[in-house]
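Residue-level structure breakdown
Spelled out from the first residue to the last, the chains are:
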Amino acid sequence: MKILVTGAAGFIGSKISYLLAERGDDIVAIDNINDYYDVRLKYGRLRELGIGEGYICLEWNKEYNSTKFKNLKFLRIGIDNHDALSNLFAKEHFDKVINLAAQAGVRYSIANPYAYMTSNLDGFLNIIECCRNYPIKHFLFASSSSVYGMNKKVPFSEEDVVQTPVSLYAASKKSNELMAHCYSKLYGIPCTGVRYFTVYGPWGRPDMAPMVFAKAITNENSISVFNNGDMIRDFTYIDDIANGSIKILDNIPINNDCANGVPYRIYNIGCSNPVKLMDFINEIEIAVGKKAKKIFKPMQPGDVYMTYADTTKLQTEIGYKPNIDLHEGINKFIEWYKSDKNPLK
Ligand SMILES: NC(=O)c1ccc[n+]([C@@H]2O[C@H](COP(=O)([O-])OP(=O)(O)OC[C@H]3O[C@@H](n4cnc5c(N)ncnc54)[C@H](O)[C@@H]3O)[C@@H](O)[C@H]2O)c1
């Protein structure tokens, strides 16, 4: 299978690209390597894929072949670059597309709303237009648990009506789901949206709590604990997210099996084991071997009190269940954090 992975220098995209290349798929990996967070992490993840021991230039048509996988190459392309994407699709004839490129982050969207339009709406439209113009077998895209917004009912089910996002990030992800449904109905493109629940693990994002906490506790700096620690998150280990996504990618939606005969589906991928924020911090403290200096603060705009994935649909239709518990996941994460692989420690 020839598969396009966008956002391949990112936390989740690099892991999925690695696993797909390892099992033998032909991978075309793209990313614009933007500086939303420290690019040393992005270059480090690309190095894990065997890409770019040297400088990766801005020319969008320059290909970098992996030195680790003969079936993987990288191009520095922004999904907001319509012409570059069209050229790529025309040349490569992809079987499947995984769209992970996005402006991520809930809190950042409060101060930087426009950043979300370029990648998450314009970029998403470019990708799905290419899927229409150069037909593919399956389009998988990253949505988010944040679409559940003010949903009160737990656990969060794909059947819940989600109309109450509390950040522009969440609104952009919900928009992606609506755009994909529309293209699926109009053009018969098999589409699956995956709602990821708070992902953590090696090569994680430095703007997210697990990395922020690990760094501050290691360096004996203070950490901000929002809503006075009264928050609950369904933390999900990166391998579960990547393996679940690949299982779903392999399972193409068929009209007859989907609602209204439209080949479109949504799945939660979450651990389904929500953890109190204070217990999460405690696990990191134990793994690091130091106590956190906690500064308690009120709830941040855009945040939600709880996330909790109902994964019944994932289990019954795809046969997949995340299986890495918090203790094991945190230990693996901190082991990586302390290692020389971590460019930010
Ligand atoms: N990490 C999580 O907990 C989480 C939870 C829910 C949803 N998601 C979604 O999963 C996807 C991957 O998230 P992640 O945590 O790996 O984030 P990430 O920021 O590490 O990865 C995204 C990558 O996309 C790239 N990118 C951004 N805009 C681009 C553009 N216009 N063109 C090309 N590349 C671009 C970035 O350089 C980055 O490498 C995102 O869509 C995100 O919204 C992540």
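Everything quoted here is computed from the prediction, not taken from an experiment. (Residues numbered from 1 in each chain as written. Predicted model: local features only at pLDDT ≥ 70, side-chain atom pairs only at ≥ 80, totals over all residues. Heavy atoms only, no water.)

As for the site of the ligand
The immediate surroundings of the ligand are formed by 30 residues, with Asp 31, Tyr 37, Ile 79, Tyr 169 and Lys 173 found nearest. Within the side chain of Tyr 37, one N or O atom sits 2.5 Å away from an oxygen atom of the ligand. Between the ligand and Val 199 there is a distance of 2.9 Å, counted from an oxygen atom to a backbone nitrogen or oxygen. Considering the ligand on its own, with 820 Å² of exposed area, one finds that the protein chains cover 97% of that surface. Those elements that place two or more of their residues in the shell around the ligand are helix 1 (11-23), helix 2 (39-48), strand 6 (138-144) and helix 6 (168-187). Ranked by residue count, the leading element in the shell around the ligand is strand 6, at three residues. Each residue belonging to the shell around the ligand can be placed in one class, and the counts come to 15 nonpolar, nine polar and six charged. (Near = heavy atom within 4 Å. Polar contact = N/O pair within 3.5 Å; in protein donor to acceptor, adjacent residues only side chain to side chain. Areas by Shrake-Rupley, 256 points an atom, 1.4 Å probe, with all protein chains shown as cover. Helix = DSSP H or I, 4+ residues; strand = E, 2+ residues; numbered from the N terminus. Nonpolar A, V, L, I, M, F, W, Y, C, P; charged D, E, K, R; others polar.)

Overview of the packing of helix 7 (residues 209-218) against helix 11 (residues 326-338)
Put simply, helix 7 and helix 11 touch, their axes get as near as 11 Å, and they point 55° apart. By the angle between their axes, helix 7 is oblique relative to helix 11. In this structure, helix 7 meets helix 11 at a crossing whose hand is right-handed. For the pair formed by helix 7 and helix 11, the contact residues are Pro 210, Met 211, Ala 214, Lys 215 and Thr 218 on the first element and Phe 333, Ile 334, Trp 336 and Tyr 337 on the second. Counted by class, the contact of helix 7 with helix 11 contains seven nonpolar, one polar and one charged residues. (Axes fitted to C-alpha atoms, helices over the stretch in contact; angles between N-to-C directions. Parallel < 35°, antiparallel > 145°, perpendicular 65-115°, else oblique. Left-handed = near helix turned anticlockwise from the far one by under 90°. Contact = heavy atoms within 4.5 Å.)

Focus: the pattern of salt bridges
Side-chain pairs of opposite charge can arise whenever the charged atoms involved come near each other. Overall, the coordinates contain 22 salt bridges when judged by the stated rule. One salt bridge in this structure joins Asp 239 and Lys 15, with 3.6 Å as the shortest N-O distance. Here Lys 15 lies in helix 1 and Asp 239 lies in helix 8 (residues 238-250), a separation of 224 residues in the sequence. Looking at Lys 15, the relative accessible area reads 27%, which means it is partly exposed. Here Lys 291 makes a salt bridge to Glu 285, at a shortest N to O gap of 3.3 Å. Here Glu 285 falls in the buried class, since its relative accessible area comes to 5%. Through salt bridges with shared partners, a single ionic network connects Lys 2, Glu 63, Lys 73, Lys 91 and Glu 92. (Salt bridge = Lys/Arg side-chain N within 4 Å of Asp/Glu carboxyl O. Buried < 20%, exposed > 50% of the residue type's maximum accessible area, 1.4 Å probe, protein only.)

Some remarks on the environment of Asn 133
Along the chain, Asn 133 falls in helix 5 (residues 113-133). Look at Asn 133 and you get partly exposed, because its relative accessible area is 47%. For the pair formed by Asn 133 and Lys 332, sequence separation is 199 residues and the distance between their alpha carbons is 42 Å.

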